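# Fold and contact review
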Amino acid sequence: MGTAAQPWETEPPGGQGQGRQSPLGNKAPWASRDSNYDCGVPECLFCGIAAGDVPATKVLDSERTIAFRDISPQAPVHVLVIPKSHYPNVGTLAAAGDGLLDEVVAQAHKVAVAEGIEDRGYRVVFNTGREGGQTVAHVHAHVLGGRPMAWPPG
Ligand code: AMP
Ligand code: ZN
C-alpha cells in the first residue's frame, strides 16, 4: 500500500525535474555589452546589481552589503540582502569567516525594521543549491513578511 507523496517529493508547477529555472536563462543579458566591473563575476546578476550595472530598487546600503526589492515578490515585503562581493552560497560566505555573514543577517533585520514588520515577525531564507531552490549563484538572504508564513515551506 503506497503512501501519499509528500510536498517535497513532487515537482513544483512547471517543473521538469530541474527545480526552478534560472532567471538568467543560458546567458546573462548584459554579458554582451561593455561593463563597469572592476570586481565580481562578470556573468553574475547580483554582482551586476552590486556594481550598479543592473538596475534594482535599493532599500538599504552599507559598505559591504546591499538590500533591494525582489523583482518577483512572494509576500508584501520581499527584499534580498547580498554581500557586494561574490560568494556562491551561504556556506562559502560562512567559511570566509570575516564577519560578512553577520553583516548580511544584521542587514536583514534592519530591513525588517525599516519595512515595519519587525514586531509582526518575518522570515529570513537562504535558498541553497538546486534542491534548496537557489536560482542565482550569488548568496542572498530573502527577507519575507507582511503576511503569515506557512510551515512547512514548499
Ligand atoms: P533564489 O531563487 O533563492 O536564488 O532567489 C533569487 C531571487 O532573485 C528570486 O526571488 C528572483 O525573483 C530574484 N531576482 C531575479 N532577478 C532579479 C532582479 N533583476 N532584481 C531583483 N530580484 C531578482
Ligand atoms: Zn556575484
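Along each chain, residues carry numbers from 1 onward, in the same order as the chain's sequence is written. Here every chain gets a letter starting at A, and every ligand a number starting at 1, in the order they are written. Note on the predicted model: pLDDT of at least 70 is required for a residue's local features to be given, and 80 or more for side-chain atom pairs to be given and counted; whole-chain, interface and lining totals, by contrast, use all residues.

## Digging into the overall build of the chain
Stated precisely, the cut-off is as follows: Secondary structure elements follow DSSP: runs of H or I no shorter than four residues count as helices, runs of E no shorter than two count as strands, and numbering proceeds from the N terminus. Exposed residues have 12 or fewer other C-beta atoms within 10 Å of their own C-beta, buried residues have 20 or more, and residues in between are partly exposed; the C-beta atoms are placed from the backbone. Here the contact rule is simple: place C-beta atoms from the backbone, and any two residues whose C-beta atoms are within 7 Å are in contact.
Helix and strand counts for the chain come out as 3 helices and 5 strands. Across the chain, helices and strands are ordered from the amino to the carboxyl terminus as α-β-β-β-α-α-β-β. By residue count, 25% of the 154 residues in the chain fall in the buried class. Pairs at least 24 residues apart make up 54% of the contacts formed inside the chain by residues separated by at least 6 positions.

## Structural notes on the site of ligand 1
This is how the line gets drawn: Being near a molecule or strand means, for a residue, that its C-beta atom, positioned from the backbone, comes within 6 Å of it. The nonpolar class holds Ala, Val, Leu, Ile, Met, Phe, Trp, Tyr, Cys and Pro. Asp, Glu, Lys and Arg form the charged class, and all remaining residues, Gly among them, are polar.
Around ligand 1, 14 residues are found, and the nearest of them are Ile 71, Ser 72, Asn 127, Thr 135 and Val 136. For the shell around ligand 1, the per-class residue count stands at 7 nonpolar, 5 polar and 2 charged.

## Comments concerning the confidence of the model for the chain
Atom-level detail of predicted coordinates should not be read off regions where pLDDT is low. Counted only if it meets this: Confidence of the predictor at the level of single residues is captured by pLDDT, which takes values from 0 to 100.
Averaged over every residue, the pLDDT of the chain is 83; residues scoring 70 or more account for 74%. Of the regions scoring below 50 in pLDDT, residues 6-38 engages in 29 contacts with residues more than four places distant in sequence or in other chains.

## Re the pairing of strand β2 (residues 65-69)
Inclusion rule: Any two strands with at least two DSSP bridges between them are considered paired.
Within β2, 4 of the 5 residues are buried, which leaves the element mostly enclosed by the surrounding structure. The loop that links strand β1 (residues 58-61) with its antiparallel partner β2 comprises 3 residues. As defined by bridge partners, β2 adjoins strand β3 (residues 77-83) across 5 bridges and the pair is classed as antiparallel. Across the sheet, residue Ile 66 finds its bridge partner in β3, namely Ile 82.

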